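Breakdown of the fold
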Amino acid sequence: MNEVKTTAKTNFKWVGKRTRRPDGPDKVTGRARYGDDMVMSGMLYGKTLRSPHAHAKILSIDTSKAEALKGVKAVVTHKDIPDHPLLEPPYGPMIADLHDISRNVMAREKVLYDGHAVAAVAATSERIAKAAIKLIEVEYEILPHVLDPLAAAQPGAPILHEHQFTHGVDPKPEAPSNVFRVVSAERGDLEKGFADADIIVEREFRSEPVHQGYIEPQALIATASEDGAVEIWTTTQGHFVIRGLCARLMNMDMSSIRVTASEIGGGFGGKNNVYAEPVAIRLSQKTSRPVRMVMTRSEVFRGTGPASGTYSRIRMGAMRDGTIVAAEAEIYNQAGAFKGSPVGRSVDSFFSSYSIANAKATAYDVCVNRPKVAAYRAPGAPMATMAAELTINELAEKLDIDPVDLRMKNAVQDGGQSLNGAKYGRIGLTEVLETVKNHPHYSAPLAPNQGRGFALGYWMHGGGLSSVVANLLDDGTVAIATGNPDIGGSRSSMRVMAAEELGVDLELIKPIVADTGSMGYSHLTAGSRTTFATGMAVINSVREIIEKLRALAAKKWEIPVDDVAWEAGQAVTQRDGFEALTLKQLAGMATKMGGAIAGHSEINAGGAGAAFSAQIVDVEVDPETGFVSLKRYTVIQDAGRAISPDYVEGQMQGGAVQGIGWALNEEYIYDDKGCLQNLGFLDYRMPVASDVPMIDTVIVEVPNPNHPYGVRGVGEPPLVPAPGAVANAVENAIGKKMGSLPLSPPKILGTLELCR
Amino acid sequence: MRYEAPETIEAAVALLAAAGKTARVFAGGTDLIIQIKEEMIEPGMLVDIKKIKETREVILDDDEIRIGASVTGAELGENKELKKLFPGVVEAVQLIGSDQVQGRATIGGNFCNASPAADSVPALIAAGAKAVVAGPNGTRTAAVEDLLIKPGQLSLAPGELIISFCLSRPPKNTGDAYLRFIPRSEMDIAVVGAGVSVTLNPDGTCAAARVALGAVAPTARLVEQAPDILLGKELDERVLAELAAAASATCQPINDKRGTIKFRTSVAGVLACRAIKIAWERAEKN
Amino acid sequence: MSKYHVTTTINGDEVDFTCYADQTLLEVLREDLNMTGTKNGCGSGDCGACTVIVNGRPVNACLVLGAELDGANIETIEGMSTGTELHPLQQKFLDHAALQCGICTPGFLNMAKALLEKNPEPTETEVRYALAGNLCRCTGYDKIVRAVLDAAAEMRESTS
């Protein structure tokens, strides 16, 4: 059951309609070319040697035997990857420090996690490359390792980086620490708030790292030519970012690197980084041949970044009437081997759906001997949200107030602020909560051993840099080039927005994703920003074309351009005696009357705004085994305006199911040596089709005033409340609080047996 | 590595005997190919037995039922007669992996891979199956449980391979069942497996019972006390409680990435009871 | 290491290739035959992205050896449509927005095709269990299941 509820006028031609996506036929026939589907003449095969230890000094690396193997053309170690000084403050959200990236790409002084890349070879076949890396001899001095963020934060813990001293604490520490920084935000007077509260709830939560779980492993081909130019074909969410990172890391001019984004087989934030690209560049430079590097599934788990595992503590106080008067939380995020977990977002995600007068949130960025974390769909938000939402549900229980009513009472309003101080414009929170309350799922009866969970999530979207070029072809069709890899159906939405502006049929618009050499900078397809920011740039570009078409018609008619309007795909004028000129007609005239018509836009979009997603989940727990089955799931989310409702629903459903996996069965399992035990989809347990029910969706539309069509991002909000909603459902099914994800059957059965 | 596809038992035995430890028997490959790719093993030769007709047949004689070692899960599931006779054995093999894996995974391969958690094993043990083993010294049969030494290893001599499994045609009022616990609904290795076979007396009490557990010890094992608990009795709450306790006591599990000792021990009791209820109901209907 | 010469039928065409004993069908398809429609998600039979149909049965191409396929009949995603006409399943996947990134789609389509050939009127539960060996991380499976059920209905209608 899928619905769209809107509060604004909708007389759109294409926006909001269910339309066919342009990349569809290629994908259902197997023609679409993903990272590993490209071949280049003379291609070599690259393979990476990875550390078998969680923490060790590298004493020596001897690559001579590998180099001597017939068929091996080049070998790379850290000696071939430039070093960079440590980044100075201020630090952005998920820190991209070239000093760290250089070492993550290829270990330098130490290996810091099981799977850390140590060396790589390029050979004439994969078989030879695999044999070659086995011949590389590395001498290690094994060091004690630490995997848990709380343990890593204690004095006396094994230290990953001797140069790292905790930022954000006073006085400045003298001893190095695994805690890179502590960030916090607060408002009001916490002490007074808690003193006033009629009731206080305190909880503790834990979670394990979870991987984005994209089905396509990282894959790329890099080809360097003798004149210094480099081309990269890679599966990525942001080829401009890849270009920038490679150029800066390898001390090359940006313009000498051209990156083409392949079709991408899932990203969810995990393909915003470089892993093998710099190594492949170097291998290709040494051999003057294209070098392909494809990760195996176990390399993806060992060597790419998951979302942080966490430990959090939270305390919330409320009055008897439901007003939440004080809220305090702290969370330890595992950063993995290098600093940069999304602490700012964690701080912002606890309480930002609510107007709480006295609130404080603190987050710790803690290095541990695990792969460096990467963004995962609303990075930093899901675990902080879970902590707050489950605590609020407990408050509701103790106060005997309906959980949605409690939230409505405390809901942040238009013009309010997040805890980090981000200002909300018009938001759809109240509308979402009302929709929940009135939804049949919310009041449907439950059977024995079943429980219902509810959670609300908030996410502040990104805008940022997007560039678009739109060209009007002679025959009246329009080619639109963006710089954003399509991970969720954005080509479809770009086409809809362009067709809407022009007032013509969808079929006339051809969207493509261009390479970095063809156009201006576009930031990642991430942060739920693409439909918003790139969409805005598309609209701007098409509006520029329309301006030129009006001018062309005016020229043709010899009337002032102010007398020419663009309506329903035609230039029209109120003056007598002029028949409308169609897009096709004007396009045919253009090159004879001044030149080809194009529009372009390079923007730094602001005003993306916040969106809210609320989720209702029913589960059934087998009391004798702890097995959880999902019975019913509803996602209610404010999309601002759903350009392509099918794809908005798809985002909501996909995020919900990732949340189910996060809550129930996904985790990284390490042995006592710090080596990863579950490096495949057998034991990294993501939901399969028989694990989940239909995911019902309700798209609420409270248009974002900062976008021409009212768009809000939709990609990230669906994951934010999902693990919390599922965890809450399990708690209610068994009548016991649980706070340690994943809620796998042994944990649930253990809790049940404890209470018998 | 060499690939051979002999067409007779004798040819297969000769190849295996000559190649010794470097040869591996290859049927569905759903374990073997993974082990080769992950470099856990490096065989010098793969002996594909799928062309040997004795390994591909299901023969339903008056006294004996023979299931070829390289019959796939999908094929077992399509054999209506076999499903009626040994629903437990068939459903066990059918739980292995996805439908795609079912098209390849074989009853013999699953057994011979000898994972402590293999689904076919408890069901075959409960059904009293014997393995027909061919080797350089001829053919022998052995109770399947006697072939299990330790994880990944069977007591087969060099050159020997399992050709088929033979089961006695079950007497009237016999039913078998297999249940396993996995954290998802599909696609997991069993955390606990329970295979049960019961035969009932005309008065509805138990005449014979075999209860076998998988994934709770280095090899699948019988719950030794099960016959004592069940023989001559009806399936009441007290009997079930005793059976559950005996099943839990039989466990010698480990903590690993799939389950804890505590969890496996508890759930073994739960599954043994659930499985016997199903087997009992099937026995009543036969 | 010596290679084995294998003759097969792939999507109705006679195709022969040589391969090493340890090469899987997935490797042969993607690397030797340039048929990249069959995807590699895990190489261990856990994700179903490499699902193809061999001798009428859906299998993971990563768990089949090239060397054992002499005389086999293989169907891959490249052969699913007929000329320019999409198979009803392909059409319904597009109609229902049953794909986002699309990497899992060829595997799902082959598995669904095999399912409907065996069971033309599956229930929702039967569809979910039949597709349990195909991982999708983007869609949450909802629209995939709907597309398969809808295609099944349409295929039943056109044969009745």
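Residues numbered from 1 in each chain as written. Chains lettered and ligands numbered in written order. Predicted model: local features only at pLDDT ≥ 70, side-chain atom pairs only at ≥ 80, totals over all residues. Heavy atoms only, no water.

Quick word on the overall build of chain A
- The helix and strand tally for chain A stands at 20 helices and 27 strands.
- Against the 2.2 N^0.38 benchmark of 27 Å for 756 residues, chain A shows a C-alpha radius of gyration of 27 Å, consistent with a compact globule.
- If one aligns the C-alpha atoms of chain A with their principal axes, the spans along those axes are about 85 × 75 × 50 Å.
- Expressed as a percentage of its 756 residues, the buried residues of chain A come to 66%.
- For chain A, the proportion of contacts with a sequence separation of at least 24, taken over those separated by at least 6, is 79%.
- Surface accessibility of chain A: about 25,600 Å² in total, with carbon and sulfur atoms responsible for 50%.
- Computed over 77 positive and 87 negative side-chain charges, the inter-centroid distance for chain A is 3 Å. (Helix = DSSP H or I, 4+ residues; strand = E, 2+ residues; numbered from the N terminus. Rg over C-alpha atoms; globule rule 2.2 N^0.38 Å. Buried < 20%, exposed > 50% of the residue type's maximum accessible area, 1.4 Å probe, protein only. Contact = heavy atoms within 4.5 Å. Areas by Shrake-Rupley, 256 points an atom, 1.4 Å probe, with all protein chains shown as cover. Lys, Arg positive; Asp, Glu negative; His and termini not counted. Charge placed at Lys NZ, Arg CZ, Asp CG, Glu CD.)

Brief notes about the overall build of chain C
- Scanning chain C from N- to C-terminus turns up 5 helices and 5 strands.
- Along the chain direction, N to C, the helices and strands of chain C fall in the order β-β-α-β-β-β-α-α-α-α.
- For chain C, whose C-alpha radius of gyration is 16 Å, the value lies close to the compact-globule estimate of 15 Å for 160 residues.
- Judged by the C-alpha coordinates and their principal axes, chain C covers about 50 × 35 × 25 Å.
- Counting all 160 residues of chain C, 64% fall into the buried class.
- Put simply, of all contacts in chain C between residues at least 6 apart along the chain, 55% involve residues at least 24 apart.
- Treating the 12 positive side-chain charges of chain C as one cloud and the 22 negative ones as another, the clouds have centres 8 Å apart.

A closer look at a negative patch on the surface
- A cluster of like negative charges, contributed by Asp-203, Glu-234, Asp-236 and Glu-237 of chain B, occupies part of the molecular surface.
- Along the polypeptide, Asp-203 of chain B turns up in the loop between β12 (192-200) and β13 (206-214). (Patch = residues over 30% accessible without salt bridge, like charges linked within 9 Å, V, L, I, M, F, W, Y side chains within 5 Å. Salt bridge = Lys/Arg side-chain N within 4 Å of Asp/Glu carboxyl O.)

Examining the packing of aromatic side chains
- Applying the stated criterion to the full structure yields 22 aromatic pairs over all chains.
- With 4.9 Å between their ring centres and 45° between their planes, Phe-301 of chain A and Tyr-684 of chain A make a pair best called tilted. Taken together, the positions of Phe-301 of chain A in helix α9 (residues 297-303) and Tyr-684 of chain A in the loop between α18 (645-664) and β27 (695-701) put the pair 383 residues apart, joining distant regions of the chain.
- For Phe-301 of chain A, a relative accessible area of 0% gives the class buried.
- With a centroid separation of 5.4 Å and an interplanar angle of 75°, the aromatic rings of Phe-111 of chain B and Phe-165 of chain B are classed as edge-to-face. In this pair, Phe-111 of chain B sits in helix α8 (residues 107-113) while Phe-165 of chain B sits in strand β10 (residues 161-168), placing the two residues 54 residues apart along the sequence.
- The buried category is assigned to Phe-165 of chain B, whose relative accessible area is 0%.
- Every member of this aromatic cluster is reached through a ring pair, and the members are Phe-301, Tyr-668, Tyr-670, Phe-681 and Tyr-684 of chain A.
- A cation over an aromatic ring shows up here: Arg-127 of chain A above the ring of Tyr-20 of chain C, its NZ or CZ 4.4 Å from the ring centre.
- The ring of Tyr-20 of chain C has Lys-3 of chain C sitting right over it, with the charged end atom 4.9 Å from the ring centre. (Phe/Tyr/Trp six-rings, centres within 6.5 Å; stacked < 30°, edge-to-face > 60°. Lys NZ or Arg CZ within 6 Å of the ring centre and 35° of its normal.)

Focus on the domain arrangement of chain C
Residues and elements named next belong to chain C.
- The domain architecture assigned to chain C consists of domain 1 (3-79) and domain 2 (88-159).
- On a C-alpha basis, the centres of domain 1 and domain 2 stand 22 Å from each other.
- Listed per partner, the contact involves 13 residues of domain 1 and 12 residues of domain 2.
- Between domain 1 and domain 2, roughly 1,100 Å² of surface is buried when both sides are summed, and carbon and sulfur atoms account for 58% of that area.
- For domain 1, the biggest contributors to the area lost against domain 2 are Thr-51, Ile-53 and Ile-77; these three give 39% of the whole.
- Connecting domain 1 to domain 2 are 1 salt bridge. (Domains from an automatic or database assignment. Buried area = accessible area lost by both parts, 1.4 Å probe.)

Some points on the nonpolar core
- The biggest cluster of nonpolar side chains holds 148 residues, and the ones touching the most others in it are Phe-350, Phe-351 and Tyr-633 of chain A together with Phe-93 and Val-148 of chain C.
- Take this core: its biggest share by element is 10 residues, from helix α11 (residues 381-399) of chain A.
- Residues contacting Val-148 of chain C, with those up to four places away along its chain left out, are Leu-89, Phe-93, Ala-112, Leu-115, Leu-116, Val-127 and Leu-131 of chain C. (Core = buried A, V, L, I, M, F, W, Y, C linked by side-chain atoms within 4.5 Å.)

A closer look at unusual backbone geometry
Residue and element names in this part refer to chain A.
- The residue after Asp-170, namely Pro-171, is reached through a cis peptide bond having omega 5°.
- With respect to the helices, strands and loops of the structure, Pro-171 is situated in the loop between α5 (149-153) and β8 (179-187).
- Omega for the bond connecting Leu-741 with Pro-742 falls within 30 degrees of zero, at -5°, which places this linkage in the cis form.
- Assignment of secondary structure puts Pro-742 in the loop between α19 (722-734) and α20 (745-754).

Description of the interface of chain B and chain C
- Counting from both sides, the interface comprises 25 residues of chain B and, opposite them, 29 residues of chain C.
- For the pairing of chain B and chain C, the buried interface totals around 2,200 Å² over both sides, and the portion due to carbon and sulfur atoms is 59%.
- Broken down residue by residue, the surface that chain B buries against chain C is led by Met-1, Tyr-3 and Gln-100 of chain B, which jointly contribute 31%.
- A salt bridge links Glu-78 of chain B to Arg-57 of chain C; its shortest N-O distance comes to 2.8 Å.
- Connecting chain B to chain C are 10 residue pairs in polar contact (both at pLDDT 80 or more).
- Listed by contribution, the elements that provide at least two residues to the side of chain B that touches chain C are β1 (2-4), α2 (32-37), β3 (45-48), α4 (73-78) and α7 (99-102) of chain B.
- Split into classes, the residues belonging to the side of chain B that touches chain C amount to 9 nonpolar, 7 polar and 9 charged. (Polar contact = N/O pair within 3.5 Å; in protein donor to acceptor, adjacent residues only side chain to side chain. Nonpolar A, V, L, I, M, F, W, Y, C, P; charged D, E, K, R; others polar.)

Some words on the pattern of salt bridges
- Within the structure shown, the criterion is met by 81 salt bridges over all chains.
- Measuring nitrogen to oxygen at the nearest pair gives 3.9 Å for the salt bridge that ties Arg-238 of chain B to Glu-242 of chain B. With Arg-238 of chain B and Glu-242 of chain B both in helix α12 (residues 237-250) and 4 residues apart, the pair spans about one turn of that helix.
- Through salt bridges with shared partners, one network takes in Arg-21, Asp-23, Lys-27, Glu-263, Asp-486 and Arg-491 of chain A.

Focus: helix α8 (residues 277-287) of chain A
- With 9 of 11 residues buried, α8 of chain A lies mostly within the body of the structure.
- Of the residues making up α8 of chain A, those classed as buried are Glu-277, Pro-278, Val-279, Ala-280, Ile-281, Arg-282, Leu-283, Ser-284 and Thr-287 of chain A.

Details of the packing of helix α15 (residues 490-502) of chain A against helix α16 (residues 530-557) of chain A
Residues and elements named next belong to chain A.
- Two elements in contact, α15 and α16, have axes separated by 9 Å at closest approach and are oriented at 30°. By crossing handedness, the relation of α15 to α16 is classed as right-handed. In contact with Ser-490, Ser-493, Met-494, Met-497, Ala-498, Glu-501 and Leu-502 of α15, α16 contributes Thr-530, Thr-531, Thr-534, Gly-535, Val-538, Ile-539, Val-542, Arg-543, Ile-546 and Leu-549.
- Its residues placed into classes, the contact of α15 with α16 shows 9 nonpolar, 6 polar and 2 charged. (Axes fitted to C-alpha atoms, helices over the stretch in contact; angles between N-to-C directions. Left-handed = near helix turned anticlockwise from the far one by under 90°.)

Thoughts on the interface of chain C and chain A
- The interface is formed by 48 residues belonging to chain C together with 53 residues belonging to chain A.
- One can count 7 salt bridges joining chain C with chain A.
- The salt bridge involving Asp-37 of chain A is made with Arg-30 of chain C; its shortest N-O contact spans 2.7 Å.
- If you look at where chain C meets chain A, you find 27 residue pairs in polar contact (both at pLDDT 80 or more).
- Those elements that provide at least two residues to the side of chain C that touches chain A are α1 (25-32), α2 (88-95), α3 (105-118), α4 (124-130) and α5 (142-159) of chain C.
- Element by element, the count of residues in the side of chain C that touches chain A is highest for α2 of chain C, at 5 residues.
- Of the residues assigned to the side of chain C that touches chain A, the class counts are 22 nonpolar, 13 polar and 13 charged.

Comments concerning the sheet that holds strand β16 (residues 359-367) of chain A
Residues and elements named next belong to chain A.
- Taken together, 5 strands build an open sheet; the order of strands is β8-β16-β15-β14-β9 and the sheet is mixed. The outermost strands of the open sheet, each flanked by one partner alone, are β8 and β9 (199-207). Adjacent strand axes in the sheet meet at a mean angle of 10° when their direction is disregarded.
- Relative to strand β15 (residues 324-336), strand β14 (residues 310-318) runs antiparallel, the two being bridged by 9 bridges. Counterpart to Ala-318 in the pairing with β15 is Ile-324.
- With respect to the sheet, α11 is in contact with β9, β14 and β15, its orientation differing from that of β9 by roughly 145°. (Pairing = 2+ DSSP bridges.)

A short note on the environment of Leu-160 of chain A
- Topologically, Leu-160 of chain A is positioned in the loop between α5 and β8.
- With near-sequence residues (within four places) excluded, Leu-160 of chain A lies in contact with His-55, Lys-110, Leu-112, Val-146, Asn-178, Ala-337, Cys-367, Val-368 and Asn-369 of chain A.

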